[in-house]
Amino acid sequence: MVNGLKDEVIAKRIGLSVRACRGHIADLLTALEAHSCFQAGVNATRAGLLEPQRL
């Protein structure tokens with residue numbers, strides 16, 4: 001998600017069905033109190049779960 005990959009690509013890389021992957025993403029959004037993947041990334045960074053990337 002952090003790299004902006006589509007759900008289908010994420011699912012294939014981790015060996016899950018797209019449906020299962022989307023379920024896990026929905027759970028992450030709920031846990032991070034986010035309404036989008038972008039907001040989830042911001043919230044995870046603020047919570048110290050991710051390190052900010054420098055460009």
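First, a word on what this report is: a plain description of the structure on this page. Since the model is a prediction, treat every value here as computed from it, not as a measurement.

How each quantity is defined
Residues numbered from 1 in each chain as written. Predicted model: local features only at pLDDT ≥ 70, side-chain atom pairs only at ≥ 80, totals over all residues. Heavy atoms only, no water. Helix = DSSP H or I, 4+ residues; strand = E, 2+ residues; numbered from the N terminus. Buried < 20%, exposed > 50% of the residue type's maximum accessible area, 1.4 Å probe, protein only. Contact = heavy atoms within 4.5 Å. Areas by Shrake-Rupley, 256 points an atom, 1.4 Å probe, with all protein chains shown as cover. Lys, Arg positive; Asp, Glu negative; His and termini not counted. Charge placed at Lys NZ, Arg CZ, Asp CG, Glu CD. Salt bridge = Lys/Arg side-chain N within 4 Å of Asp/Glu carboxyl O.

## Brief notes about the overall build of the protein
Helix and strand content of the protein: 3 helices and 0 strands. When the helices and strands of the protein are placed in sequence order, the string is α-α-α. For the protein, the spread of C-alpha atoms along the principal axes amounts to about 30 × 25 × 15 Å. Relative to its 55 residues, the protein shows a buried fraction of 18%. For the protein, long-range pairs separated by at least 24 residues make up 15% of all intrachain contacts whose partners lie at least 6 apart in sequence. Split by element, the accessible area of the protein, about 4,700 Å² in all, is 56% carbon and sulfur. Side-chain charges of the protein comprise 7 positive and 5 negative groups, with the mean position of each set lying 8 Å from the other.

## A short note on the pattern of salt bridges
What the rule picks out here adds up to 2 salt bridges. A salt bridge links R22 to E8, with the shortest nitrogen-to-oxygen separation between them at 2.9 Å. Residue R22 is located in helix α2 (residues 18–31), and its partner E8 is located in helix α1 (residues 7–14); the two are separated by 14 residues in the primary sequence. We classify R22 as partly exposed; its relative accessible area is 42%. Where salt bridges share partners, they join D7, E8 and R22 into one cluster.

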